[in-house]
Structure formats: structure tokens, C-alpha cells
Amino acid sequence: MNNIKQIKEQGYVVIPEGINKEEINMVRAFYKKTAKKSNLSTLLPTDILKYPDVFHVILKDKVVTAIKEIFGRNFSLFPNFTIRESVYIPWHNDAYFLPDEVINPEAPLQFMQCAIYLQDNDPEHGGGITLIPFSHRLDQTTVKSMLDTPQAYEKIIMSKAGDLILWDNRITHKSSYPDKAPDNTKLALQWTVSASERHNEPYLQYLRDRAQRSMHVSDYLPKSPRSYFADMPNVLYPNSFQPDSLNIMKQQNIQFIGL
């Protein structure tokens, strides 16, 4: 099954070896150094932009090509790129705040979540994503009833370090919890992309609101990401971006949508 058909039918796709071992080690070292200074488990977008080698990971040809192939067109980038450590979020949906015409199961894909996990993930050690396949094609009432017995429907997505996982943001998912203590720090580089021409403003408003009030299950966790959302308005185009980053974005036809 090709990537376009897979994400349309099942709501997700795994792109093997999105980044290489050297890049994995570079991003992990950056996270360790930056998190030690900031004491944050969800890094700030402005911190990532200060280190273009890290930001450029999400601009790699292989990554960009996979996203464009699925959307069938160029895409835009939101200011919510980050690296997270061991953030285990229960079942949730990242699209229900969008207009009905966007989350309608029959509507075309317009928003996509992207993640590169920086270690192998499996059911025993967790660290990746667990989702309900096809839930992006179901109404909210049906999905809610399925969550009464999620084990009957859920699928743990297996991935290797450096794999790129893309999922329709209408799909219901959660973090994969470990059954035993992981043998290394669980890290994920995450961001959101859009192919929408008319519905980006509701997404931006959602990002603004998250800095002010609790709206998402993750806002109630001990590792609240509020400072991460509060930092997003500080990502200004083009001033916050390094010249090399701007050149790559121009070459790749990637637009930036700021708050």
C-alpha cells in the first residue's frame, strides 16, 4: 500500500529512516544540553531556531518530499515545532477544535502531525504513538464509544530511531506507555503542517489559547507545555530564522504561518 492510500484509509504512515544515526545523535545531544539549561521537557520553538542544524532536520528533502506526496501540494509550517521528553499523553484528538467542514470524515486531509522518534519504540518500552486506525473517518460519537474499550481497536505503531511518522490530525491517539522502565531517554521531534487555504486561523487561535488556558488533556499533566505555547508568538518570520533556514524553506516552497 502506498503512502497516500495508507494515510487516507488508516490515518497514518511510517516513513523508514527519515533521518540518519548522526542526525539522531546530534538532536539528542542538543536536547540534553538545552533541557538542562531551561529545565523544560518540551523545548521552546525559539530555542530550536537558534540551532539551524536541528531545525533543518524537519526541512530535509526526504521529510519534505513525503509530506508533499501525501498532501499532493506544497504545505505550510506552524510555530509549534519542539522536542519532547517522556511526555505520555492519554487518549485525545487534535482536530475537534477545528470547523466541522474540516473534521468531517469525508473532508480531504488538511492538517497533519509529524514526529521523528529518536529511539526505537515498541510495546514493552513505549515511547511512540498508539492510535485507533480509521478513527479519522468516524464521527465523534462513534469514537467516544470505542474509547470505552480501546484495547479492542488500538494499534501500537512500531518504529525505529529516525523513522518519520505522519498522521491525519483527526485521528484519535495517545502516547505509547512503557510496560517497563525504558533503557534510554524517550525523545520525539514533533511539528504540524497544513495544506489548508481557508482554515489555518482556527488552528492559530487554538495555539494562542493554549498559552492562556487549559484546553487539552496534556495541559493537566505534571509536565504542562504552557511555556511552549507562550513562546510561539516569539517566532517571527523572517527575523527568527537563520539565513540558511530561510533559503531552504524558499527552495522547498515551505510557507510559515506565525501567530
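Residues numbered from 1 in each chain as written. Predicted model: local features only at pLDDT ≥ 70, side-chain atom pairs only at ≥ 80, totals over all residues. Heavy atoms only, no water.

In the nomenclature of an unreviewed UniProt entry, the protein corresponds to Phytanoyl-CoA dioxygenase from the organism Xenorhabdus khoisanae. Per its UniProt entry, the protein bears the Cofactor (unreviewed entry) comment "Fe(2+)". (UniProt positions renumbered as here; feature names shortened; annotations may be inferred.)

*Asks:* Residues and numbers for unusual backbone geometry, please.
*Replies:* Most peptide bonds are trans, and most residues other than glycine sit at a negative phi. A cis geometry characterises the amide bond from Tyr 237 onward to Pro 238, with omega recorded as 5 degrees. Its location among the elements puts Pro 238 in the loop between helix H9 (226-231) and helix H10 (243-252). Unlike most non-glycine residues, Glu 17 shows phi in positive territory, near 55 degrees. With respect to the helices, strands and loops of the structure, Glu 17 is situated in the loop between strand S1 (12-15) and helix H2 (21-38). Overall, Glu 17 belongs to the exposed group, its relative accessible area being 60%. The phi dihedral of Asn 39 is positive, around 60 degrees, even though this residue is not glycine. By secondary structure assignment, the location of Asn 39 is in the loop between H2 and helix H3 (45-49). (Helix = DSSP H or I, 4+ residues; strand = E, 2+ residues; numbered from the N terminus. Buried < 20%, exposed > 50% of the residue type's maximum accessible area, 1.4 Å probe, protein only.)

*Asks:* I'd like to hear about empty space enclosed by the protein, residue by residue, with values.
*Replies:* Following the criterion strictly, the structure yields 1 cavity of 30 Å³ or more and no others. Of the volumes computed, that of the largest cavity is approximately 510 Å³. Along the walls of the largest cavity sit 36 residues, with Arg 84, Ile 89, His 92, Trp 167 and Gln 190 positioned nearest its centre. Counting residues per element, the ones that place at least two in the lining of the largest cavity are strand S3 (82-85), strand S4 (111-117), strand S8 (173-175), strand S9 (187-194), helix H8 (200-210) and H9. Considered class by class, the residues forming the lining of the largest cavity number 15 nonpolar, 15 polar and 6 charged. (1 Å grid on protein atoms, 1.4 Å probe; cavity = no way out; pocket = protein on both sides within 12 Å on 5 of 7 lines; lining within 4 Å. Points joined across faces, edges and corners; volume = space filled by probe spheres on them. Nonpolar A, V, L, I, M, F, W, Y, C, P; charged D, E, K, R; others polar.)

*Asks:* Lay out the side chain of Thr 82 with the relevant residues and their values.
*Replies:* Position of Thr 82 relative to the elements: it lies in strand S3. A polar contact is formed between the side chain of Thr 82 and the backbone oxygen of Leu 43, at a distance of 2.6 Å. In this structure, Thr 82 is in contact with Thr 42, Leu 43, Ile 48, Ala 188, Leu 189, Gln 190 and Tyr 228, ignoring residues within four places of it in sequence. (Polar contact = N/O pair within 3.5 Å; in protein donor to acceptor, adjacent residues only side chain to side chain. Contact = heavy atoms within 4.5 Å.)

*Asks:* Which residues make up the environment of Asn 239, and what values do they have?
*Replies:* Tracing the backbone through its elements, the reader meets Asn 239 in the loop between H9 and H10. Residue class for Asn 239 comes out exposed when judged on its relative accessible area of 70%.

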